Amino acid sequence: MPPAAERAPWRWLAAGRASRRLVLVVVFVALLLDNMLLTVVVPIIPTFLYTTEYEGTNSSVAPARTKPAPPSLKTPPFSSMFSYFDNTTVTVLGSASAAELVNGMESSRPPQAPTSSPPALSGCPEGEEFLAKENVRVGLLFASKALIQLVVNPSVGLLTNRIGYHIPMFIGFIIMFLSTVMFAFSGTYTLLFIARALQGIGSSFSSVAGLGMLASVYTDDFERGNAMGIALGGLALGVLIGAPFGSVMYEFVGKSSPFLVLALLALLDGALQLCILQPSKISPESTKGTPVSTLLRDPYILVAAGALCFSNMGVAMLEPTLPIWMMQTMCSPKWQLGMAFLPASISYLVGTNLFGILANKMGRWLCSLIGMAVVGVSLLCVPLAKNIYGLIGPNGGLGFAIGMVDSSMMPTMGYLVDLRHTSVYGNVYAIADVAFCVGFAIGPSTGGAIVRAIGFPWLMIIIGVINIAYAPLCCYLRNPPAKEEKIAILSQECPMQTKSYTPQKTLRDFPLTDDSDVEAENAE
């Protein structure tokens, strides 16, 4: 009994390592934590920088401005003047001389006039010039993660082909943990920038290795689509929890609290990876994957990557600019800055899980086309909101539509590699992650500058029109040709190049069939 009892956990661990569902759980948790850290900073960074830099520098100036207050008791900004023409009292902007000329019998009513206008602006932050500059600085800080990830992704794709997916996945966990702890204790813009860039390195390892691992484990296209939908559900759940969780914790507990909770969850994820994935084990791919340069020349992969890029660029532009726009126009408190993204997060969670199954039935190309059109319309409606409740519809439609695009295009990337290239997935999902990164790099970095130049509404119009214009290109993914079909199509459409495009002699290096000689004679 005791030996059997001791072996039971090891048997369960061995069975777990062979289970595809537990691999899916590991990827789900990794994407969940990555995207919680991605979005938890969205409501925290703008208000934290405003509090520490603007209010901190002006706190010493404020007492100096309040010294002239006593003289204002003699000359209030609004004074009452009695008119002998019609025996009425009128309120005028008075100077010192005008106030002294009139007997102050009716001056008990003037305090009502100044109290009617300032309270409407009392909740709004001061320093519009600082907020305009902060759009650019916050945008660059948010974009740093995607820019670093954009540079690291190709190297991670090559690394997964050589040593497998398990070790890069664990490296991503370690870097993400360090980044989370650094966020918790950073108090300056420079340290926050470094923490965000460090997160980009860890996210690159986690996302490329995780998605590639899922594609290699789930070989059936239908099962792969369902698994990708569930994994993207973890991404959606992280986006869902991140911004509201960060805003509430920052408002009522403190800046470090949400990051310390995420660091604890990251440790649990690392323990799960140690038990399930065996990150010390090197398991390279049996076949050599298609080079990234070859995949980037495939027009169908580029169309799918473009759909991922532009659809996510919209929400990437909203992350740094929407909270500041709400502070300026709606005078929103801190907790509302994160809650504004809650409808988008909930609808994204619903969209990824729903269309992970439906996209395969209705056609992934059609699902992506409709999704990009809805993304564009939703972005055009965002500037029409007058309060936080007006953002529910546009943000909800935006999240649902991005869920449609992501849940349809991520399995499509793996399907295109199976159909047209070698079935090794590290490089193609590095390209998919690069597409995300381009969106999240260009979006925040240019969004803040565009808002400062022409305003927030025009930013939404530009990115909305781009999504609507790109949507018809998804029709090219309706029936992509296989590699052999592409050769046949090229030979029919370009008859002048058929003599130079005859690789049969080079293809004879491969094992030949019985009918290969007959085919060679017919070709000649």
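Calculation criteria
Residues numbered from 1 in each chain as written. Predicted model: local features only at pLDDT ≥ 70, side-chain atom pairs only at ≥ 80, totals over all residues. Heavy atoms only, no water. 1 Å grid on protein atoms, 1.4 Å probe; cavity = no way out; pocket = protein on both sides within 12 Å on 5 of 7 lines; lining within 4 Å. Points joined across faces, edges and corners; volume = space filled by probe spheres on them. Helix = DSSP H or I, 4+ residues; strand = E, 2+ residues; numbered from the N terminus. Nonpolar A, V, L, I, M, F, W, Y, C, P; charged D, E, K, R; others polar. Axes fitted to C-alpha atoms, helices over the stretch in contact; angles between N-to-C directions. Parallel < 35°, antiparallel > 145°, perpendicular 65-115°, else oblique. Left-handed = near helix turned anticlockwise from the far one by under 90°. Contact = heavy atoms within 4.5 Å. Salt bridge = Lys/Arg side-chain N within 4 Å of Asp/Glu carboxyl O. Buried < 20%, exposed > 50% of the residue type's maximum accessible area, 1.4 Å probe, protein only. Phe/Tyr/Trp six-rings, centres within 6.5 Å; stacked < 30°, edge-to-face > 60°. Core = buried A, V, L, I, M, F, W, Y, C linked by side-chain atoms within 4.5 Å.

Caption draft 1: View of empty space enclosed by the protein. Counted according to the given criterion, the structure contains 2 cavities of 30 Å³ or more. In terms of lining, the largest cavity is formed by 32 residues, of which the most central are Asn-35, Leu-38, Leu-235, Val-239 and Phe-440. Mapped onto the lining of the largest cavity, the elements with two or more residues apiece are helix H2 (20-40), helix H7 (128-163), helix H9 (189-217), helix H10 (221-252), helix H13 (299-329), helix H15 (342-362), helix H17 (392-420) and helix H18 (426-454). Broken down by class, the residue content of the lining of the largest cavity amounts to 19 nonpolar, 8 polar and 5 charged. A volume near 110 Å³ is recorded for the second largest cavity. In terms of lining, the second largest cavity is formed by Ala-30, Leu-33, Asp-34, Leu-37, Phe-173, Met-176, Thr-180, Ser-206, Leu-262, Ala-266, Asp-269 and Gln-273.

Caption draft 2: How the structure looks around the packing of helix H8 (residues 166-185) against H9. H9 packs onto H8 with a crossing angle of 155° between their chain directions and a minimal axis gap of 8 Å. On the basis of the axis angle, H8 is roughly antiparallel to H9. Here H8 and H9 pass one another in a crossing that is left-handed. For the contact of H8 with H9, the residue count by class is 18 nonpolar, 8 polar and 1 charged.

Caption draft 3: Broad picture of the packing of helix H16 (residues 364-381) against H17. Where H16 meets H17, the closest approach of the two axes is 8 Å, and the angle between their N-to-C directions is 150°. Taken together, the axis directions place H16 and H17 in an arrangement best described as roughly antiparallel. Between H16 and H17 the crossing geometry is left-handed. On H17, the residues that touch Arg-364, Cys-367, Ser-368, Ile-370, Gly-371, Met-372, Val-374, Val-375, Ser-378, Leu-379 and Cys-381 of H16 are Pro-394, Gly-397, Leu-398, Ala-401, Ile-402, Met-404, Val-405, Ser-408, Met-409, Pro-411, Thr-412 and Tyr-415.

Caption draft 4: Highlighting the pattern of salt bridges. Summed over all chains, the structure comprises 1 salt bridge. Asp-298 is the partner of Arg-420 in a salt bridge, and the nearest nitrogen-oxygen pair spans 2.8 Å. Note that Arg-420 is positioned in helix H17 and Asp-298 in the loop between helix H12 (292-296) and H13, a separation of 122 residues in sequence.

Caption draft 5: Looking closely at the side chain of Thr-412. The residue Thr-412 is located in helix H17 in this model. By relative accessible area, Thr-412 is classed as buried at 7%.

Caption draft 6: Broad picture of the packing of aromatic side chains. Within this structure, the stated rule accounts for 6 aromatic pairs. Between Trp-325 and Phe-456, the ring centres sit 4.7 Å apart and the planes meet at 20°, which makes this aromatic pair stacked. Here Trp-325 is found in helix H13, whereas its partner Phe-456 is found in helix H19 (residues 456-470), with 131 residues between them in sequence. Comparing Trp-325 with Phe-456, the two get one shared label, buried.

Caption draft 7: Structural detail: the nonpolar core. Core analysis: the largest hydrophobic core is formed by 104 residues, its most contacted members being Leu-318, Leu-322, Met-326, Met-413 and Tyr-429. Apart from residues no more than four positions distant in its own chain, Leu-318 is found in contact with Pro-323, Phe-341, Leu-379, Val-382, Asn-395, Leu-398, Phe-456 and Met-460. Ranked by size, the runner-up nonpolar core spans 6 residues in total, among them Val-152, Ile-175, Val-208 and Ala-430.

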